[in-house]
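# Residue-level structural notes
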Amino acid sequence: MTPSDYEYLRKLLKERSGLDLSADKQYLVESRLLPLARKSSLPGISQLVEKMKGGANTLTAEVVEAMTTNETFFFRDKIPFDHLREGVIPALVQARAARRSLRIWCAASSTGQEPYSIAMCLKEAGPLLSGWRTEIVATDLSQAVLEKSKAGIFSQFEVQRGLPIGLLVKYFTQNGELWQINAEIRGMVQHRQLNLLQDFSHLGVFDVIFCRNVLIYFDQNTKANIFERLSRMLEPDGVLALGAAESVVGITNSFKPYPERRGLYRPNIAPVIRVGASTLVPQTLRAVAAAR
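Only a predicted model underlies this, so the values are computations on that prediction, with no experimental measurement involved.

A few words on the overall build of the protein. Assigned secondary structure in the protein consists of 12 helices and 12 strands. With respect to the principal axes defined by its C-alpha atoms, the protein has extents near 70 × 45 × 30 Å. Within the span of the protein, comprising 292 residues, buried residues form 45% of the whole. When the accessible surface of the protein is summed, it comes to about 14500 Å², and 52% of that surface belongs to carbon and sulfur atoms. The centroid of the 36 positive side-chain charges in the protein is displaced by 6 Å from the centroid of its 29 negative side-chain charges.

We now examine the pattern of salt bridges. Going through the model one piece at a time under the given rule, you end up with 19 salt bridges. A salt bridge links E235 to R99, with the shortest nitrogen-to-oxygen separation between them at 3.2 Å. With E235 in strand 8 (residues 234-241) and R99 in the loop between helix 5 (79-95) and strand 1 (101-107), this pair connects stretches of sequence that are 136 residues apart. According to the relative accessible area criterion, E235 is partly exposed, its value standing at 22%. As a salt-bridge pair, E114 and R212 come within 2.9 Å of each other at their nearest N and O atoms. In this pair, E114 is assigned in helix 6 (residues 113-124) and R212 in the loop between strand 7 (206-211) and helix 11 (220-231), connecting sequence segments 98 residues apart. According to the relative accessible area criterion, R212 is buried, its value standing at 3%. Within the structure, one salt-bridge network assembled from shared partners comprises R96, R99, D207, E235 and D237.

The next point concerns the pairing of strand 1. Walk down a regular strand and you will see the side chains alternate between the two sheet faces. In terms of burial, strand 1 is largely enclosed, as 7 of its 7 residues are buried. Here strand 1 shows a buried face lined by S101, R103, W105 and A107 and a second buried face lined by L102, I104 and C106. Examined bridge by bridge, strand 1 and strand 2 (residues 133-140) share 6 bridges and lie parallel to one another. Across the sheet, R103 pairs through a bridge with E135, a residue of strand 2. For the crossover that starts at strand 1, traverses helix 6 and ends in the parallel strand 2, the hand is right-handed. Pairing between strand 1 and strand 7: 4 bridges, direction parallel. Bridge pairing in strand 7 places A107 opposite C211.

Quick notes on the rules
Residues numbered from 1 in each chain as written. Predicted model: local features only at pLDDT ≥ 70, side-chain atom pairs only at ≥ 80, totals over all residues. Heavy atoms only, no water. Helix = DSSP H or I, 4+ residues; strand = E, 2+ residues; numbered from the N terminus. Buried < 20%, exposed > 50% of the residue type's maximum accessible area, 1.4 Å probe, protein only. Areas by Shrake-Rupley, 256 points an atom, 1.4 Å probe, with all protein chains shown as cover. Lys, Arg positive; Asp, Glu negative; His and termini not counted. Charge placed at Lys NZ, Arg CZ, Asp CG, Glu CD. Salt bridge = Lys/Arg side-chain N within 4 Å of Asp/Glu carboxyl O. Pairing = 2+ DSSP bridges. Right-handed = clockwise from strand over helix to strand, strands pointing away.

Shown next as structure tokens:
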């Protein structure tokens, strides 16, 4: 791979996926794209780039998918899911008692371990969410990983990574060396292809957003832009969950850390306003005033 090939790929990946490769990541590109070149009967990456420049759109899409990191496992980092079970869900159940519904978005959902971990958390809440309408929207740039997620079929290695044995026995069926999560849990998750660099306002407003272990690969300006748009997608008392190595600090003022809940953030709205016995955030207060 020549320096010009690498620069072409760096620019392409930044534009298509937000992946910000530093100058010393050539080895990563080679390790992921050489197998794709061989699969396409091409001798090397230079020939791959040449074909892409010639307008091979399908090949370009395959390159973007190959370079998009899809590392994931069940209940990854554990702490955000503990927070979800022990604090976030009970608080939202109380706050949403009138409408009895919850919406959760799992951005960069990869092969499904994260959204299905969320679904199992909701299912394990039992009577707390009995009669509630719960919606989990799982999105990813890669159609290939979304198809795997929809199937809900995982290898022995995949179910051994982070999944408690009790939940494996309770929610999965074994078929040889493969395990499939049951239809009820699969049915709790909607799958949609989506690029975080593009407009995602059509998804609507959520109570919880998991956007974990993906923004770490973007540059500061891209992160700030996505954070600002994510803040518009959350209810005023909603929760954003980031990865263990990610933070909003020094990047955006759209969110602030959630007190005593590491890895969780909430929209940085104006202070709440107290009206009589009710505590209203400004958005709610405006809505009440408009309705009068």
